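Residues per chain are reported as follows:
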Amino acid sequence: MKQSFDPGRNYTRTQKAIGYVPRKQATQADYERIGFISGLEVHQQLDTREKLFCHCPAGFYSKPEEYDAELIRHMRPTLSELGEYDGTALMEFKTRKQIVYRINNKTACTYDVDDTPPFPLNREALGIALEISLLSKLKIVGEVHISRKQYLDGSIPTGFQRTAIIGVEGEIQLRNKKVNLIQLSIEEDSCREVSDIGHVRVYRTDRLGMPLIETVTYPEFKNPDEVKEGADYIRFLNRSTGKVLTGIGSTRADVNVSCKGGTRVEIKGVAHTGWMPELTHNEAFRQWALLNIRDLLKSKLKDPQGWKISHKEIDAEEIGFITLPLLPEKLAEYKMYLVNLPLFQGILSHFMQPGKIFGDELAEKVKVVACIDLPNMVHSEMLEDTVGKKGWKKVQTLLNSGEGDAQLILWGLAEDIPTALETIQERCLMAFSGVPNETRKSFENGTTIFERVLPGADRMYPDTDSAPIPLEDEAIKEISEHLPVLVSERMQQLKQWNVPEDTYTYILKNNLVPLIDQAQQELKIPARFTAALFAQTLKHIQGKYPALPEFSFQKVHELLAFLVSRKLDLAISKRMLLHLYQHPKMDYESILVTIGFKEIPLEEIILKLPFLIRKYQQTRTSTDDSAGVRWVMGNLGTLALGNVSLGDLSKRILF
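First things first, this report covers the structure right here in the doc. Everything numeric here is computed off the predicted structure, so don't read it as measured data. All chains use their own residue numbering, which begins from 1 and follows the written sequence. Where local features are concerned, this predicted model is filtered to residues with pLDDT of at least 70; where side-chain atom pairs are given and counted, the filter is 80 or more; whole-chain, interface and lining totals use all residues. Where side-chain values are given, they derive from all heavy atoms of the structure, hydrogens and water being excluded.

## Description of the overall build of the protein
Logical step 1: We count a stretch as a helix when DSSP gives it H or I for four or more residues in a row; a strand needs E for two or more, and each element gets its number in order from the N terminus. Each helix and strand in the protein was counted, giving 23 helices and 23 strands.
Logical step 2: Across its three principal axes, the protein shows a C-alpha extent of roughly 100 × 70 × 50 Å.
Logical step 3: Each of the 655 residues in the protein was classed as buried or not, and the buried ones make up 52%.
Logical step 4: For this analysis, residues touch if any pair of their heavy atoms sits within 4.5 Å. Across the protein, every contact between residues at least 6 apart in sequence was considered, and the portion connecting residues at least 24 apart equals 75%.
Logical step 5: Accessible surface is estimated by sampling points in the Shrake-Rupley manner with a 1.4 Å probe; for residues, cover comes only from the protein chains shown. Just so you have it, the protein exposes about 30,600 Å², and 52% of that area is on carbon and sulfur atoms.
Logical step 6: Here the positive residues are Lys and Arg and the negative ones are Asp and Glu; neither His nor the chain ends is included. Think of each charge as sitting on NZ of Lys, CZ of Arg, CG of Asp or CD of Glu. Of note, the protein has its 82 positive side-chain charges centred 6 Å away from the centre of its 87 negative side-chain charges. Here the term buried applies to any residue with accessible area under 20% of the maximum for its type, exposed to any over 50%, and partly exposed to those in between, with areas from a 1.4 Å probe on protein chains only.

Shown next, in the form of structure tokens:
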């Protein structure tokens, strides 16, 4: 008797067939086996007074409900100079999106909404971009030529982003290798998305037009950890100038990933470098799985030309589906279709990412292109089936399905169904070829979903509204003479100072090396102590209490300078820092009063030692003298803190 098909077993079997291993168990040999390769496009907002092509203030954000007007647009693709349409633009046009812009008069103007031409490019932003280009060892262009990069997702009201290349062919130095850079560009930032439901997408225009640089690497990262290291390095390099914005959304990266036999797939807008290892690991194996699907399909059908889905509209009551993941009121609103996928048994439940199968790729693409929100379908290989074997048997009968076919039940508004069916047909045919070029959206758990077709060169064309900007050698030379220390040299400096390596990320991310060096040079405070105060004590406090705008890292330096001027022991800074962080305007003398500090001469503290030693000896239960030292220090700690080095004091306790 033939055994019935089990989607769960197929998921496990195909996971093993492609040799998937969890990231934490993966070795370099695993990545070499699948030909892992990755590159980065790191975007960084610049800290300027104005936006890139207008005089609106940069860096001022509003809440979703804070707007003065709404503007509605419908985007249409335009031909490139070669007379071709960009694939991304065509896909976005197919979605029939209505784009709504919420405009705040304080942060947007007529340029932002495409009613006036651009102002001249912001020279402050250009200067910062040149500085970062020189730090990245890029060759600076002779003239800045502004181009238009087409975006039809609505994120920019003009339908294109103004961008210009500043430098080409540079490099960054990681721990064990150099990674080459393709270019650095300056461009205007896009709108912030408020919502995307059905055919309506809503944006805020406060971020629109802010100056942004994009650093692009060659695809030279050979494993996920190198990807994170490269992204961190570029982020630290940008921040070392002190002229870029920090915080959520100020640095975003597009991560390009491919495997042997695959193609470039872009993971869009990764905001946290800590997500990158899991994301790139899973994406490489997702492509490896798609190549296995291609081979499985070609073993069933040599030539996919002529392969086609079949479908049939039905009434939900016709087959009694009472357990579909669909609200009852939607049944009356939506049309429902049965769809047959010839020879696709074993494909829909094929492993793609942890917890995700090929059937999810169909549903997610239908959601994006046809704008039918999830859930929009169930299929015959669901890992958690709600239809049941009898239900699927009836579906197969109604569709006249053949052996080895797979089926799905699709629903949505009548006007969206044709696009949904076309999308399913298109995505299934792509499976016969392997890995489609696409842009994917990232999630914290390391998985991704389809976002749009990967843009091509056809979307770039010159901006006829902006004249070329010559770059004078003297101006570039002036910038090059005042560059900050390279990040690789900063790391070497931290190593020489004997600073713990696990603090490097926090220190470099917040550009604290100059303050640590300043404390060492001016206040004669060991760099290791200041680094620990920042990266351990302050980091711990920041994790427990909300930050106030009045607090800055400079205040920590001022606190240390105060202690040095008062000749107080630096150990008390750890207790004072908590109060300084919570009350940045409080003066340091008041903080000392708040923590109960009393200035006591060293001699007075030492005089207490004989009494405490005798008292401990009268009651001691341990033969370990170090226990006695700890007991005495525990009794003297509050008095001694700030007045004397606790390390020096402990050496005076002799049993």
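Alright, that's what it looks like, and here's the rest.
## A closer look at the pairing of strand S11 (residues 211-217)
Successive residues of a regular strand alternate their side chains across the two faces of the sheet.
Logical step 1: Where burial is concerned, most of S11 is hidden: 7 out of the 7 residues are buried.
Logical step 2: Along S11, one buried face is formed by Pro-211, Ile-213, Thr-215 and Thr-217 and the opposite face, lined by Leu-212, Glu-214 and Val-216, is buried too.
Logical step 3: Only when DSSP finds a minimum of two bridges between them are two strands counted as paired. Relative to S11, strand S1 (residues 37-45) is paired through 5 bridges, and the arrangement is antiparallel. Note on S11: the bridge partner recorded for Val-42 is Thr-215.
Logical step 4: Where strand S8 (residues 178-188) and S11 come together, 7 bridges link them in antiparallel fashion. Across the sheet, Ser-185 pairs through a bridge with Glu-214, a residue of S11.

## Concerning the nonpolar core
Logical step 1: Core analysis: the largest hydrophobic core is formed by 136 residues, its most contacted members being Leu-341, Phe-344, Phe-358, Leu-410 and Met-576.
Logical step 2: Not counting the four nearest positions on each side in its chain, Phe-344 is found in contact with Leu-297, Lys-300, Trp-307, Phe-358, Glu-381, Gly-404, Asp-405, Ala-406, Cys-428, Ala-431 and Phe-432.
Logical step 3: What is meant by a nonpolar core is a set of buried Ala, Val, Leu, Ile, Met, Phe, Trp, Tyr and Cys residues, joined one to another through side-chain atoms within 4.5 Å. Counting 14 residues, the second largest nonpolar core, distinct from the first, contains Leu-326, Val-378, Val-395 and Trp-411.

## Things to note about the pattern of salt bridges
Logical step 1: Put simply, a salt bridge is a Lys or Arg side-chain nitrogen that is within 4 Å of an Asp or Glu carboxyl oxygen. Following the criterion strictly, the structure yields 43 salt bridges and no others.
Logical step 2: Here Lys-268 ties to Asp-254 by a salt bridge, and the two come within 3.1 Å at their closest N and O atoms. Of the two residues, Lys-268 is situated in strand S13 (residues 265-270) and Asp-254 in strand S12 (residues 251-258); the sequence distance between them amounts to 14 residues.
Logical step 3: Counted as one network, the salt bridges with shared partners bring together Glu-283, Arg-286, Glu-361, Arg-427, Glu-438 and Arg-440.

## Some thoughts on the sheet that holds strand S18 (residues 377-379)
Logical step 1: Sheet architecture is open: 4 strands sit in the order S14-S15-S19-S18, paired in antiparallel fashion. The sheet is open, and its two edges are formed by strand S14 (310-314) and S18, each paired on a single side. With direction set aside, neighbouring strand axes in the sheet form an average angle of 20°.
Logical step 2: With 5 bridges connecting them, S14 and strand S15 (residues 335-341) associate as antiparallel partners. Across the sheet, Lys-312 pairs through a bridge with Leu-338, a residue of S15.
Logical step 3: For helices, the fitted line uses only the C-alpha atoms of the stretch in contact; every axis is such a line through C-alpha atoms, and the angle between N-to-C directions lies from 0 to 180 degrees. Lying on the sheet, helix H10 (residues 389-399) is in contact with S14, S15, S18 and strand S19 (406-412); it crosses S19 at an angle near 90°.
Logical step 4: Those strands touched by helix H11 (residues 417-431) are S14, S15, S18 and S19, and its axis lies near 150° from that of S19.

## Examining unusual backbone geometry
Logical step 1: Residue Pro-375 is reached from Leu-374 by a cis peptide bond, and omega for that bond is -5°.
Logical step 2: Here Pro-375 lies in the loop between helix H9 (358-369) and S18.
Logical step 3: Non-glycine residue Asn-498 carries a positive phi angle of around 65°.
Logical step 4: Mapped onto the fold, Asn-498 is located in the loop between helix H13 (487-496) and helix H14 (504-509).
Logical step 5: On the accessibility criterion, Asn-498 (51% relative accessible area) is exposed.
Logical step 6: Notably, Asn-511 is not glycine yet its phi reads approximately 55°, a positive angle.
Logical step 7: Inspection of the secondary structure assignment puts Asn-511 in the loop between H14 and helix H15 (513-523).
Logical step 8: The class of Asn-511 is partly exposed, set by a relative accessible area of 21%.

Function-wise, these values are silent; they only describe arrangement.
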